[in-house]
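# Analysis of the macromolecular model
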Amino acid sequence: TVAAFDSFRFVIKGSLAGAAVYMAYDQGLLGSGTQGAEALKKAQAVLPPAIQEWTSYIGWEVRTVQMNTLPPTPKFDFSPSDSWNKGVQTVMSALSVAPTRACEYTMEGWKYVKDLVR
């Protein structure tokens, strides 16, 4: 009975996932950018009245908010190009001293091995 229940759960979950993919495809969300923009406009027009109706059944109070207002973007004092250039300079500096450092570490290693052998 447990295996049958697990199979039933798998079928239900698979059906819900398939229905979600079909709905997304049917609404144009999986298509081109213009189809997605049209679907977004339809959703913006339909969702607020639907939410208002749903909350009236439950008894919740919903404040209406204008959909097209966005909060202001935060101001950052960050320059991606400066950060990139700093990273490139750091990497190139490390690569330029790498042969010298490799020689130093090799000499230290040989000295350590010679001291161990004695």
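Per an unreviewed UniProt entry, the protein goes by MICOS complex subunit MIC13 and derives from Spheniscus mendiculus. Per UniProt, the protein has the following entry under Function (unreviewed entry): "Component of the MICOS complex, a large protein complex of the mitochondrial inner membrane that plays crucial roles in the maintenance of crista junctions, inner membrane architecture, and formation of contact sites to the outer membrane." Within the UniProt record for the protein, the comment given under Subcellular location (unreviewed entry) is "Mitochondrion inner membrane".

### Points about the overall build of the protein
The helix and strand tally for the protein stands at three helices and zero strands. Reading the protein from its N end, one meets helices and strands in the order α-α-α. In the protein, which comprises 118 residues, the share counted as buried stands at 3%. Counting only carbon and sulfur atoms, one obtains 66% of the accessible surface of the protein, whose full area is about 11,100 Å².

### Here we look at the confidence of the model for the protein
Here the protein averages 80 in pLDDT, and 86% of its residues register 70 or above. By mean pLDDT, helix α2 (residues 33-58) is the weakest element of the protein at 77, and helix α3 (residues 80-117) is the strongest at 88.

### Points about a nonpolar patch on the surface
A surface patch of nonpolar side chains, amounting to about 530 Å² of accessible area, comprises Trp84, Val88, Val91, Met92 and Leu95. Locating tryptophan 84 in the fold gives a position in helix α3. Residue class for tryptophan 84 comes out exposed when judged on its relative accessible area of 61%.

### A few points about helix α1 (residues 2-26)
One full turn of an α-helix is made of 3.6 residues, so residues set three or four places apart face in the same direction. With 25 residues, α1 should reach 36 Å at 1.5 Å per residue; the first-to-last C-alpha distance of 36 Å fits that figure. Within two residues after α1, glycine 28 carries a phi angle of roughly 90°, on the positive side.

### Some details on α2
Helix length check: α2, at 26 residues, gives a terminal C-alpha distance of 36 Å against a target of 38 Å (1.5 Å per residue), a fit within 8%. Largest kink in α2: about 30°, centred on leucine 47, with the proline proline 48 one to four residues after it.

Rules behind the numbers
- Residues numbered from 1 in each chain as written.
- Predicted model: local features only at pLDDT ≥ 70, side-chain atom pairs only at ≥ 80, totals over all residues.
- Heavy atoms only, no water.
- UniProt positions renumbered as here; feature names shortened; annotations may be inferred.
- Helix = DSSP H or I, 4+ residues; strand = E, 2+ residues; numbered from the N terminus.
- Buried < 20%, exposed > 50% of the residue type's maximum accessible area, 1.4 Å probe, protein only.
- Areas by Shrake-Rupley, 256 points an atom, 1.4 Å probe, with all protein chains shown as cover.
- pLDDT = per-residue confidence, 0-100.
- Patch = residues over 30% accessible without salt bridge, like charges linked within 9 Å, V, L, I, M, F, W, Y side chains within 5 Å.
- Salt bridge = Lys/Arg side-chain N within 4 Å of Asp/Glu carboxyl O.
- Expected span 1.5 Å × (residues − 1).
- Bend = angle between axes of the 7 residues up to and from the residue.

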